[in-house]
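What follows is the residue order along each chain.
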Amino acid sequence: MAKKKVGRETGKKQVATGECDLDSGYVSPITTIRDFSLENIKSVIATSRYIQALIVLTVLGIFFRFYNLGFNSLWLDEAATVSFSLHSFTEIWQVTAGGEFNPPLFHWAEHFMLMLGNNEVILRFLPALLGVLTIPLFYLVGKEFFDRNVGIIAAAGCAFSPFLIYYSQEARAYSMMLFFVALATLFFLKGLKSGRLLDWGLFGVFSALAFWTHFYAFVMIVSLVLYALIVWAPHIRTEFDKVKMLVAGVAVFIILCLPLIIVTIQLFAIRTSSAPTYGIQGLGIITQSFTQISGFNTLSLIVLLVLFAVGIIQTFFLDKNKALFLVLLTVLTFVVSFVLSFKMPMLPRYLIFLSIVIFIGVAMSYRALYTLWSSKAIVYVLIAVMILISVPVLANYYSGYSKEDWRGFSLTLSEKTSPGDLVITVPGYMAAPLDYYYSSIKDNTHEYGATTGQDLEKLMLQKGNSTMFFVVTQDIGAANPNGDAVAWLNNNTKFAGQDTGIYLFTAS
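Q: I would appreciate a short explanation of the overall build of the chain in the present structure.
A: Within the chain one finds 24 helices and five strands. Taken over the C-alpha trace, the chain has a radius of gyration of 26 Å; the compact-globule value for 508 residues is 23 Å, and the two agree within 12%. On the principal axes, the C-alpha backbone points of the chain span a range of 110 × 45 × 40 Å. Within the chain, the fraction of its 508 residues that count as buried is 53%. Put simply, of all contacts in the chain between residues at least 6 apart along the chain, 75% involve residues at least 24 apart. Surface exposure of the chain reaches about 23,000 Å², of which carbon and sulfur atoms provide 65%.

Encoded structure:
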């Protein structure tokens, strides 16, 4: 009688091998696109703990990213998004080429969204949606990097991250950039293993889309390419075919981004021509970026920093190249950001793509903890940690305004003004968020902008018998670094009220 063939049959349970496997040996019947069928999908959803957990995390991610989506009023940068996105496709590109320090892809996408209406929810819908879709992407990246446990823990970090939730609820390009960088990283890792032209080609495509979304994605893209070259360098002859595939992916990126690369060089020269008047400089950009990505508070920073360090050390013992991946991408991003912080404005949100590396590093700590406690529960414990360190921040986030309340302020301003009064925004560009909610035409007032003390003095001559209202934000410190505008306000106005970070003064 023939012996039964022993092997791994898809859809069947296998004997556990000592590895941490939440599915206890279950093998998904879906290995290629052709395997997708209703029966196989039912089997995976009903049996795989990883897929069940991923579905729960994604559903929770939907709630956290869409809940109260329109609660906060638009702030300065979001109002700028509206202004740019209302232009035609050609005009948006012309604005970018003419000196706008943001690539056009996100504004092109928002141009379509504005066809559905112009309000906070519609403007933030796309970032929120992409924020949700990034959760399963973190799972796939973590799975490709090491295994499904790393993937599901990283996905939990993404789902509950206050930092990622915040920028998923903002009408800016950061959520879209992270989405495309995650896709680029996924196909980069696939390309490292497979050497297939398709994977490297998709790496080039999604890298290009990330760069067309936000210029700073270039740092992550270069870091990934540099990592591949370092890993292959000792065996360049035997790895030459892989290098050619990488070159092909880079070529796809360059071809798709060529017009933008030329503009980027010009904009970079302009951006670095003078010292920045806002942003975070030096080591502060490193500490603040890690603090914010970790969840905006000291407890989450300490917990994730410890787990990240443990994860890197454990990865080093398992696979030195994978440890190099985590270290190189983190260090290179921080070094570049440190240097650039003295040349141009740098803010932690530009480094949002680093959350991929940080949450994968944190997730890798499960291997070290599993050696101390050989239980599958360790994966669930780390998922619980991701949730618990985020709950206090999220509770505070949803309980009040996290942005300047221009909506409420405009109502107050309308109540205070009379026909013929003068409304002065200080600095002048603050007219963008104010005018989204306030209409000087409707209120029959005269609106002007001022950034310097000289601007304010000239406008004072137009006062006559009318009342002058000065709408001031802390941005005046960056717009007018010599401080003469603040000095003029101190000498010529009196305080008339405040709403969140917006101050109202009247001429004394």
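Q: Just checking my understanding: could you explain the pattern of salt bridges for this structure?
A: Oppositely charged side chains may form a pair once their charged atoms are brought near each other. As enumerated under the stated definition, the model contains eleven salt bridges in all. Notably, a salt bridge pairs Arg148 with Asp23, separated by 3.0 Å at the nearest N-O pair. Taken together, the residues span a long stretch of sequence, with Arg148 in helix H7 (residues 148-160) and Asp23 in the segment before helix H1 (38-47) at a distance of 125 residues. A residue is classified by how much of its surface remains accessible, and Arg148, at 25% relative accessible area, is partly exposed. The class of Asp23 is buried, set by a relative accessible area of 2%. Of the charged contacts, one joins Lys190 and Glu144 as a salt bridge, the two residues approaching to 3.4 Å between their closest N and O atoms. Taken together, the residues span a long stretch of sequence, with Lys190 in helix H9 (residues 174-194) and Glu144 in helix H6 (residues 120-145) at a distance of 46 residues. Looking at Glu144, the relative accessible area reads 16%, which means it is buried.

Q: Help me understand H9, please; the structure alone is not making it clear to me.
A: Owing to its 3.6 residues per turn, the α-helix aligns residues three or four sequence positions apart on the same side. For H9, spanning 21 residues, the distance from its first C-alpha to its last is 30 Å, which sits close to the expected 30 Å at 1.5 Å a residue. Judged by how many residues are buried, H9 sits mostly within the fold: 18 of 21 residues are covered.

Q: What should I look at first to understand the packing of aromatic side chains in this one?
A: To describe a pair of aromatic rings, one takes the distance between the centres and the angle between the planes. Counted by the stated rule, this structure contains 41 aromatic pairs. Between Phe64 and Phe160 the ring centres are 5.5 Å apart and the planes differ by 65°, which places this aromatic pair in the edge-to-face class. Placement of the pair is Phe64 in helix H2 (residues 49-66) and Phe160 in helix H7, with a sequence separation of 96 residues. The residues Phe64 and Phe160 share a single accessibility class, namely buried. Measuring from ring centre to ring centre gives 6.0 Å for Trp108 and Trp212, while their planes differ by 25°; the resulting arrangement is stacked. Of the two residues, Trp108 is situated in helix H5 (residues 105-113) and Trp212 in helix H10 (residues 197-213); the sequence distance between them amounts to 104 residues. The two residues Trp108 and Trp212 agree in class, both being buried. The ring of Phe316 carries Lys320 above its face, with NZ or CZ at 5.0 Å from the centroid. The ring of Phe145 carries the charged tip of Lys322 above its face, separated from the ring centre by 5.1 Å.

Q: Sorry, what's going on with the packing of helix H14 (residues 298-318) against helix H16 (residues 354-372) here?
A: In a pair of packed helices, the angle between the axes and the distance between the axes together describe the arrangement. At a minimum axis separation of 6 Å, H14 and H16 run at an interaxial angle of 65°. In terms of axis orientation, H14 runs roughly perpendicular to H16. H16 is crossed by H14, and the crossing has left-handed handedness. Seen from H14, the contacting residues are Leu304, Leu307, Phe308, Val310, Gly311, Ile312, Gln314, Thr315 and Leu318; seen from H16, they are Val357, Ile358, Phe359, Gly361, Val362, Met364, Ser365, Arg367 and Ala368. For the contact of H14 with H16, the per-class residue count stands at twelve nonpolar, five polar and one charged.

Q: Mind showing me how you'd approach the side chain of Thr185 here?
A: Note that Thr185 resides in helix H9. Thr185 sits in the buried class, given a relative accessible area of 0%. Discounting chain neighbours no more than four positions away, the residues touching Thr185 are Val141, Met220, Leu224, Phe325 and Ile356.

Q: Where do I start with a nonpolar patch on the surface in this structure?
A: On the surface, a cluster of nonpolar side chains totalling about 590 Å² of accessible area is made up of Leu283, Val327, Val331, Val335, Phe338, Val339 and Phe342. Among the elements that make up the nonpolar patch, the one with the highest residue count is helix H15 (residues 320-340) (five residues). Take Leu283: it is sitting in helix H13 (residues 283-294).

Q: Quick question: what am I supposed to make of unusual backbone geometry here?
A: Both trends apply: most residues other than glycine have a negative phi, and most peptide bonds are in trans. Backbone torsion omega between Val426 and Pro427 reads 0°, so that peptide bond is classified as cis. Considering the arrangement of structural elements, one finds Pro427 in the loop between strand E1 (422-426) and helix H20 (431-437). The phi torsion at Phe296 lies on the positive side, around 75°, for a residue other than glycine. Topologically, Phe296 is positioned in the loop between H13 and H14.

Q: What should I look at first to understand the nonpolar core in this one?
A: One recurring pattern in soluble globular proteins is that nonpolar side chains are buried together. Ile152, Phe188, Phe203, Phe325, Tyr366 and Val379 are the most contacted members of the largest nonpolar core, which has 120 residues in total. Ranked by residue count, the leading element in this core is H9, at 15 residues. Residue contacts for Val379: discarding those within four places in its chain leaves Cys20, Leu22, Asn149, Ile152, Ile153 and Tyr366. Counting residues in hydrophobic clusters, the runner-up holds 15 residues, among them Val426, Ala450, Ala485 and Leu489.

Q: I tried to follow the environment of Ala156 on my own but got confused; where do I start?
A: Position of Ala156 among the secondary structure elements: in helix H7. A relative accessible area of 0% places Ala156 in the buried class. Residues Ala156 and Leu54, 102 residues apart in the sequence, show an inter-C-alpha distance of 8.2 Å. Those residues within four positions of Ala156 in sequence are excluded, and the remaining contacts are Leu57, Ile383 and Met386.

Q: I would appreciate a short explanation of the confidence of the model for the chain in the present structure.
A: Predicted coordinates in regions of low pLDDT should not be interpreted in detail. Averaged over the chain, the pLDDT score is 93; the fraction of residues at 70 or greater is 96%. In this model, residues 1-17 is a region of pLDDT below 50 whose contacts with residues beyond four sequence positions or in other chains number 24 contacts.

Conventions we followed
For every chain, the first residue of its written sequence is number 1, and the numbers climb from 1 along that sequence. Per-residue local features are limited, in this predicted model, to residues with pLDDT of at least 70; the limit for side-chain atom pairs, both in listing and counting, is 80 or more; totals at the level of whole chains, interfaces and linings are taken over all residues. Heavy atoms throughout the structure, all of them, feed into the side-chain values; hydrogens and water do not. The numbering of helices and of strands both runs from the N terminus, where a helix is a DSSP run of H or I of at least 4 residues and a strand a run of E of at least 2. For this measure, only C-alpha atoms enter the radius of gyration; the expected value for a globule follows 2.2 Å times N^0.38, where N is the number of residues. Residue burial is assigned from relative accessible area. The probe radius is 1.4 Å, only protein chains are included, and a residue is buried under 20% of its type maximum, exposed over 50%, and partly exposed in between. Any pair of residues with heavy atoms lying within 4.5 Å of one another is described as a contacting pair. All accessibility values rest on the Shrake-Rupley procedure with a 1.4 Å probe; residue burial counts only the protein chains present in the view. The working definition used for a salt bridge is a side-chain nitrogen of Lys or Arg within 4 Å of a carboxyl oxygen of Asp or Glu. For a helix, the expected span equals 1.5 Å multiplied by the residue count minus one. For Phe, Tyr and Trp, where Trp contributes only its six-membered ring, two rings pair if their centres lie within 6.5 Å, and the inter-plane angle classes them as stacked under 30 degrees, edge-to-face over 60, or tilted in between. Placement of a charge over a ring requires the Lys NZ or Arg CZ to be within 6 Å of the ring centre, with the centre-to-atom vector within 35 degrees of the ring normal. Interaxial angle, 0 to 180 degrees, is taken between N-to-C directions of lines fitted to C-alpha atoms, where a helix line uses only the stretch in contact. Orientation is classified from the angle alone, with under 35 degrees giving roughly parallel, over 145 giving roughly antiparallel, 65 to 115 giving roughly perpendicular, and any other angle giving oblique. Should the near helix be turned anticlockwise from the far one by less than a right angle, the crossing is termed left-handed; should it be turned clockwise, right-handed. Basically, the charged four are Asp, Glu, Lys and Arg, the nonpolar ten are Ala, Val, Leu, Ile, Met, Phe, Trp, Tyr, Cys and Pro, and anything else, Gly included, counts as polar. The patch calculation keeps residues exceeding 30% relative accessible area without a salt bridge and links them within 9 Å when they carry like charges or within 5 Å when they are nonpolar (Val, Leu, Ile, Met, Phe, Trp, Tyr). Here the nonpolar core consists of buried residues drawn from Ala, Val, Leu, Ile, Met, Phe, Trp, Tyr and Cys, with membership extended through side-chain atoms lying within 4.5 Å. As a per-residue measure, pLDDT tells how confident the predictor is, with possible values from 0 to 100.

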